[in-house]
Amino acid sequence: MTTYHCDKCGKEIKQIYSFRFLIYIADADRPVSYYVDNEGNRISGREECFDLCIKCYNKVMGAAYEEFKK
Ligand SMILES: [Zn+2]
């Protein structure tokens, strides 16, 4: 049986919660990971995805949602 580990805390997980985003969010120093549109926004066709446990997922998404609400 395959076992999975949380990419943030390393804990073994049975259920994976995906944290998905465009690749340059985590690789901002590498210009090859994105291009820039007419309005100067970074954009990419490639995604990065981390597998999280529910505890880390709640933390990460909670922080993202706080930013979203602003
Ligand atoms: Zn975790």
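See the structure above.
Computed from a prediction, not measured in an experiment: that's the story for all the values here. (Residues numbered from 1 in each chain as written. Predicted model: local features only at pLDDT ≥ 70, side-chain atom pairs only at ≥ 80, totals over all residues. Heavy atoms only, no water.)

## Examining the coordination of the zinc ion
Part 1 of the reasoning: Protein coordination of the zinc ion is provided by C6 (SG), C9 (SG), C53 (SG) and C56 (SG), with donor distances spanning 2.3 to 2.4 Å.
Part 2 of the reasoning: Here the zinc ion is ringed by four donor atoms whose angles at the metal span 103 to 116°, and the overall shape comes out tetrahedral. (Donors = N, O, S within 2.8 Å, 3.2 Å for Na, K, Ca; no water. Tetrahedral: all angles 85-135°; square planar, octahedral: opposite > 155°, others 65-115°.)

## Here's the deal with the environment of T2
Part 1 of the reasoning: Turning to its location among the elements, T2 is positioned in the segment before β1 (4-5).
Part 2 of the reasoning: By relative accessible area, T2 is classed as exposed at 55%.
Part 3 of the reasoning: Along the primary structure T2 and F68 are separated by 66 residues, whereas in three dimensions their C-alpha atoms are 35 Å apart. (Helix = DSSP H or I, 4+ residues; strand = E, 2+ residues; numbered from the N terminus. Buried < 20%, exposed > 50% of the residue type's maximum accessible area, 1.4 Å probe, protein only.)

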